[in-house]
Amino acid sequence: MNIELLRARDPEHWMKACAIRALTLDAVAGANSGHSGMPMGMADVATVLFSRHMKFDASAPGWPDRDRFILSAGHGSMLLYSLLYLSGYPEMTHEQIKAFRQLGSRTAGHPEFGHAPGIETTTGPLGQGLANAVGFALAEEILRAQFGPKLVNHHTYVIAGDGCLMEGVSHEAIGLAGRQELSKLIVFWDDNGITIDGKVDLADRTDQIARFKASGWSVFDCDGHNPDEIDAAISDAKKTSKPAMIACKSHIALGSAAQDTAKGHGALTDAQVVADTKAAYGWTADPYEVPAEIKSAWEEIGRRGAGAHAEWRARLEAAPASRQKEFARIMAGEPPKKLGATVKALKRKYLETMPKLATRKASEIALEAINAIMPETVGGSADLTGSNNTLTGDLGIHTPENRKGRYIHYGIREHGMAAAMNGMSLHGGIRPYGGTFMAFTDYARPAMRLSALMKQPVVYVMTHDSIGLGEDGPTHQPVEHLAMLRATPNCRLFRPADATETAEAWELAFEARETPSVLALSRQGLPSVRGTYKTKNLVAQGAYVLADAEGKRQAILMATGSEVSVALAARDLLQADGIGTRVVSMPCWELFEEQDEATRRRVLPGGPVRVAVEAGIRFGWDRWLFGERGKREKSGFVGMHDFGASAPADQLYEHFGITAEAVAGKARALLDGNWKPDPRV
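Let us look at the structure shown here. Because the structure is a prediction, the values reported are computed rather than measured.

Digging into the packing of helix 4 (residues 77-87) against helix 12 (residues 292-303)
Helices that pack against each other are described as a pair by the angle of their axes relative to one another and the distance between those axes. One way to put it is that helix 4 packs onto helix 12 with a least axis distance of 7 Å and a crossing angle of 90 degrees. Relative to helix 12, helix 4 is oriented roughly perpendicular. Facing L83, Y85, L86 and S87 of helix 4, the residues of helix 12 in contact are K295, W298, E299 and G302. Looking at the contact of helix 4 with helix 12 residue by residue, the classes come out as 4 nonpolar, 2 polar and 2 charged.

Notes on the environment of H481
Summarising the element assignment, H481 is placed in helix 20 (residues 481-486). Using a relative accessible area of 3% as the deciding quantity, one classes H481 as buried. For the pair H481 and S72, spaced 409 residues apart in sequence, the C-alpha to C-alpha distance is 28 Å. The contact partners of H481, leaving out residues within four places of it in the chain, are M438, A439, T441 and D442.

Considering the packing of aromatic side chains
Evaluation of the coordinates by the stated rule reveals 16 aromatic pairs. Ring geometry for Y157 and F188: centres 6.3 Å apart, planes at 25 degrees, overall stacked. Of the two residues, Y157 is situated in strand 2 (residues 156-161) and F188 in strand 3 (residues 185-191); the sequence distance between them amounts to 31 residues. This pair shows no difference in class: Y157 is buried, exactly as F188 is. With a centroid separation of 5.0 Å and 90 degrees between ring planes, the pair formed by F212 and W217 is classed as edge-to-face. Look at F212 and you get buried, because its relative accessible area is 0%. Note on W217: relative accessible area 3%, which makes it buried. Among the aromatic residues, those joined into a ring-pair cluster are F50, F56, F69 and Y89.

What about the pattern of salt bridges?
Counted by the stated rule, this structure contains 37 salt bridges. Residues R623 and E593 are paired through a salt bridge, measuring 4.0 Å at the closest nitrogen-oxygen approach. Pair noted here: R623 is in helix 25 (residues 622-625) and E593 is in helix 23 (residues 589-593), with a separation of 30 residues, a long-range link. When its relative accessible area of 33% is taken as the criterion, R623 is described as partly exposed. What you see here is one network of salt bridges that share partners, running through E593, E597, R600, R601, R623, E628 and R629.

Quick word on the layout of surface pockets
Any space left empty among the atoms is revealed by the rolling of a water-sized probe across them. Its volume calculated, the largest pocket comes out at about 700 Å³. As for the largest pocket, its lining consists of 33 residues, of which F113, M331, S425, L426 and Q456 are closest to the centre. For the lining of the largest pocket, the elements supplying multiple residues, two or more each, are helix 14 (321-332), helix 18 (414-427) and helix 19 (441-454).

Focus on the sheet that holds strand 18 (residues 580-585)
On the basis of which strands lie adjacent, the open sheet formed by 5 strands has the order 16-18-17-19-20 and mixed pairing. Every other strand in the sheet has two partners, leaving strand 16 (544-547) and strand 20 (635-639) as the edge strands with one partner each. Taken over all neighbouring pairs, the strand axes of this sheet differ in orientation by 30 degrees on average, direction set aside. In terms of strand pairing, strand 16 meets strand 18 through 3 bridges, oriented antiparallel. Residue Y544 lies in a different strand from strand 18, and its bridge partner there is S585. Across the sheet, helix 22 (residues 564-576) lies against strand 16, strand 17 (553-559), strand 18 and strand 19 (609-614), angled at about 175 degrees from strand 18, the strand it touches most.

Points about the state of the cysteines
One pass over the structure, following the stated rule, counts 0 disulfides. The closest cysteine sulfur to the non-disulfide-bonded C491 is located on C588, 8.9 Å from its own sulfur. Assessed through its relative accessible area of 6%, C491 is described here as buried. According to the relative accessible area criterion, C588 is buried, its value standing at 0%.

Calculation criteria
- Residues numbered from 1 in each chain as written.
- Predicted model: local features only at pLDDT ≥ 70, side-chain atom pairs only at ≥ 80, totals over all residues.
- Heavy atoms only, no water.
- Axes fitted to C-alpha atoms, helices over the stretch in contact; angles between N-to-C directions.
- Helix = DSSP H or I, 4+ residues; strand = E, 2+ residues; numbered from the N terminus.
- Parallel < 35°, antiparallel > 145°, perpendicular 65-115°, else oblique.
- Contact = heavy atoms within 4.5 Å.
- Nonpolar A, V, L, I, M, F, W, Y, C, P; charged D, E, K, R; others polar.
- Buried < 20%, exposed > 50% of the residue type's maximum accessible area, 1.4 Å probe, protein only.
- Phe/Tyr/Trp six-rings, centres within 6.5 Å; stacked < 30°, edge-to-face > 60°.
- Salt bridge = Lys/Arg side-chain N within 4 Å of Asp/Glu carboxyl O.
- 1 Å grid on protein atoms, 1.4 Å probe; cavity = no way out; pocket = protein on both sides within 12 Å on 5 of 7 lines; lining within 4 Å.
- Points joined across faces, edges and corners; volume = space filled by probe spheres on them.
- Pairing = 2+ DSSP bridges.
- Disulfide = S-S within 2.5 Å.

Okay, here's the thing in C-alpha cells:
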C-alpha cells in the first residue's frame, strides 16, 4: 500500500483520519492490550462518514432524530472512542482516552452501552451490533410512520467485519432486513481478508456480495482508503430503496509492519512499531496529543449538525401539544397512566369468571387490552404466532407496504429476533416483545444476555414452559431453562400460575425501565388460583401467601406456574389430615429477593417443613428451601431430575411424580422425621 500516495491525495482528510489511528496506537500501547488493526484500517471510512454524511450534534448526543452509528466490530472500540473524543462529545474526554481498558473508565475494551453518550449499543460479541442495527432501522420505520418524517427521519450506519458476517446471527439479521426493505440501514463491510487465525480463506469462502444481494440488499463497493470513492458509495447507498451494504476494501493495521497480517488484528504495543507507523503517517504529535488545527476541524464536524437539530426542535415545538407529550413519553420509556387501571379491570373480570386458561392464552388476553393503550408496543414471534399468542387484533402486520404495522413476523430466527428487539429498545420509542418456545431460549440466549447487560426492558414471551407441553417431547420440553434464566443477572423471570398473575406480570414487564422480562407461559390450561380481588399487584412482591394454613402451620409448599395448582391440591390433602399448610406462589424470584427482610420473613417464616414443586430442575431452589430460615433436613423438592419424554401432559406429570400426592407425601415424610438426602441433588 502506497502510504505516500494516500497522504498526498487529500492531506486534510488524511490527517483527520490519522488522528483516529494515532490515538488508537497510543491507547492500545498504553493499556498493553486491545485491537489496533481495525481502527487503523477503517479510519478513512469513519472519517468520511462523520464529516460528510452523519447527522448528529455532539453537544446533544440524545437527539432522537440523530443518525445512529454502530460499531458491530466492537473489538476495534478505539475507532468509536476516538470519533467521540475528536468530535467533541462532552463525556468522552482526553482523560478517558488515556484510561482505555482501565477499571471504571468509559472506554472499556469493547463498547458498552451506558458508559458514554454516543455508544449506541454494546458490541464485542461479533454480529450482535449488525443484528441490533436491524432493530434500530425497524424502530425508525415504525416511528416515522407514526409521527411523520418531520420528526423521525434518520439513518443507521454499521461497521461490520468478517467475524460479524461469519456469525450465524448475521444471516438471520441480513435476511430480516432484506425482507423488510430497511432502506435507512447502511452497513460497511470491513473487507480486509484477515481474522485472528490468519487469512479469511482459511475458514470461509463465502461471496459476501452475492450473499447480500440474494437477501434483498443493494450492494456497493469502494476502495476503503479513497475518500472520494467512499463518499460516492455512501451517497449511492442512501438513494436505494433497500438496505445497503458497502464493501470497503481495506488494509488492517494500515501503514504498520503488521499490515495485512493476523498480527495486525491485535495489540500493536511495540514502541518501535508504533513510532515507525506514526512516521509513515507523517504524524509528529506527542502520544495522546492531537494538533490543535486537526482537533478543531473535528470539533467543527461535531457542531455541524446543530442547525439540523435546531430545525428539528422547532418542528417538534410546532406540533400539537398532545403530540409533543406523547412523543416525549414514549421516547422516555414511560408507560401510560392507564396501564394500572387496565390490568385491574382484567383482574376483576377474572375473579368473576375464574377461567381455566393456558397462561399463553391469558397473555394474549392481557396484550389485547394493553396494546390498545400502548402504541409503542411492537410484538412478534419466531414463526410461532399461533402458539405464542403474541398477535393481537389491532397491531397490524409490519411490512414495507404497512410501516404502521406493529407486529413482525421474524421467521425462524430466534437469535435475530432477540437482537433486533434489543436494537428497537435501544433506539427508544418502542417497547418490543417477541415469542418462541421456552426451550428455544437456547437459540436466543446471546442476545437475551445482552438485554440484561445493557439494561434493556425487552420482553420475551416464552411459551410451552415445561413437560406440560406434552407430546412434542424432550427436545421441546425445557427442564434446565428456568434455572439458566434465574442465574442471569438483571433478568426477571415471571412464571405465572393463572390469568391474574399473567396480567400482573405484563404490567410489571411494561413498567420496567432497566430490566428485561421473561414470561414463562404454559401450553396447557391452568385453573384460576387467586380467589379474592387484590388492588395490589401481588406478583410485584415476587412471592406471596396464596393460601394460608388452617390451624397450626406445619408445612409450607412453594411453587411457580402450573405447579401452583398442584401445591394447592396437596394442601387440601394435608389439611384433611390436620396438617396446617401454607401455599406460597413464587412467580418472580428476583422481585422477592429485592423485598426487605421483614417481608420475606412474613412469607417464609422459620419452623415449618418446606417443599418446593416445579416442573424443572431443582437448581436454585435451595435458596428458598434451606435459606431464608429454612433447614436442609426439613426441606424437599418435587420436580424434574432428567429430561422429559413424549406423551400427553397428564401422563407425564404422573410418570415424573409431579403430583399432589407426591408433594403431600414429601411433606408428611419430613414431618415424620424420615428425611433423607436426595442423591440426585
